[in-house]
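Survey of secondary and tertiary structure
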Amino acid sequence: MEYDKLVSKALEARKNSYSPYSKFKVGAAVLTEDGKIYTGCNIENASYGATNCAERTAIFKAVSEGHKTIKAIAIVGVENGYTYPCGICRQVIAEFASEDTEIILGKSENDYLVKTLDEILPGAFTKKDLEK
Ligand code: THU
């Protein structure tokens, strides 16, 4: 999977963003270990706390369809900067990440950063901690 294709899917998903309150549109695309792509957008709510971020929409779609390992996730917010996942989304990515999951922060199809989970969530609390 090329990064640009995943960013392009996230850009497409961003068009469906439901963000009447913040007007901040976000799109995400998850590539699963077996090559499937699930997309998502942020979905806001009049009760602000009920808002769901784009990353979690995409991840929950993948997991609910039986795909529990994220090979890569692309995230696109504003076009004049890179939009990093919020803290809650970083934790959810950690739950379904593998050793080499790639987190792609896209401005456009040909302008993106590629990060590891350890770079954006060092010392993550994961299921391994529950086994200690
Ligand atoms: N948002 C996301 O969708 N993903 C993030 O990682 C950051 C924030 C959304 C939530 C809300 O709809 C809007 O951006 C402003 O916070």
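Residues numbered from 1 in each chain as written. Predicted model: local features only at pLDDT ≥ 70, side-chain atom pairs only at ≥ 80, totals over all residues. Heavy atoms only, no water.

**Here we look at the site of the ligand**
The immediate surroundings of the ligand are formed by Ser22, Phe24, Val26, Asn42, Glu44, Thr51, Cys53, Ala54, Glu55, Tyr84, Pro85 and Cys86. Within the side chain of Glu44, a nitrogen or oxygen atom sits 2.5 Å from an oxygen atom of the ligand. One of the backbone N or O atoms of Cys86 is found 2.9 Å from an oxygen atom in the ligand. When the ligand sits alone it has 370 Å² of accessible area, and the protein chains cover 78% of it. Of the pockets mapped on this structure, the ligand occupies the second largest pocket. Of the residues contributing to the shell around the ligand, the split by class is 7 nonpolar, 3 polar and 2 charged. (Near = heavy atom within 4 Å. Polar contact = N/O pair within 3.5 Å; in protein donor to acceptor, adjacent residues only side chain to side chain. Areas by Shrake-Rupley, 256 points an atom, 1.4 Å probe, with all protein chains shown as cover. 1 Å grid on protein atoms, 1.4 Å probe; cavity = no way out; pocket = protein on both sides within 12 Å on 5 of 7 lines; lining within 4 Å. Sits in = over half its atoms within 2 Å of the grid points. Nonpolar A, V, L, I, M, F, W, Y, C, P; charged D, E, K, R; others polar.)

**Considering the layout of surface pockets**
Estimates place the volume of the largest pocket at around 410 Å³. Taken together, 16 residues form the lining of the largest pocket, with Ala94, Glu99, Leu117, Thr126 and Lys128 sitting closest to its centre. Listed by contribution, the elements that provide at least two residues to the lining of the largest pocket are α3 (87-96), β4 (97-108), α4 (117-120) and α5 (127-130). Here the lining of the largest pocket takes 4 residues from β4, the largest share from any one element. (Points joined across faces, edges and corners; volume = space filled by probe spheres on them. Helix = DSSP H or I, 4+ residues; strand = E, 2+ residues; numbered from the N terminus.)

**Points about unusual backbone geometry**
Backbone geometry at Lys23 places phi at a positive 60°, although glycine is not the residue there. Here Lys23 lies in the loop between α1 (3-14) and β1 (27-32).

**A short note on the environment of Ala10**
Relative to the elements of secondary structure, Ala10 occurs in helix α1. In this structure, Ala10 is in contact with Gly27, Ala28, Ala29, Ala74 and Val76, ignoring residues within four places of it in sequence. (Contact = heavy atoms within 4.5 Å.)

**Some points on the state of the cysteines**
All told, the structure shown has 0 disulfides when counted by the stated rule. Cysteine Cys41 shares no disulfide, and the gap to the nearest cysteine sulfur, in Cys53, comes to 11 Å. Of the residues examined, Cys41 reaches a relative accessible area of 10% and is grouped as buried. Left unpaired, Cys86 is separated from the closest cysteine sulfur, that of Cys89, by 3.7 Å. (Disulfide = S-S within 2.5 Å. Buried < 20%, exposed > 50% of the residue type's maximum accessible area, 1.4 Å probe, protein only.)

**Points about the pattern of salt bridges**
Any two side chains of opposite charge can pair, on the condition that their charged atoms come close. For the structure on display, the rule yields 5 salt bridges. The closest approach of N and O atoms between Glu95 and Lys127, which form a salt bridge, is 4.0 Å. With Glu95 in helix α3 and Lys127 in helix α5, the pair connects residues that are 32 residues apart, well separated along the chain. Classification of Lys127 as partly exposed rests on a relative accessible area of 47%. With a shortest N-O distance of 2.9 Å, Lys132 and Asp129 are connected by a salt bridge. (Salt bridge = Lys/Arg side-chain N within 4 Å of Asp/Glu carboxyl O.)

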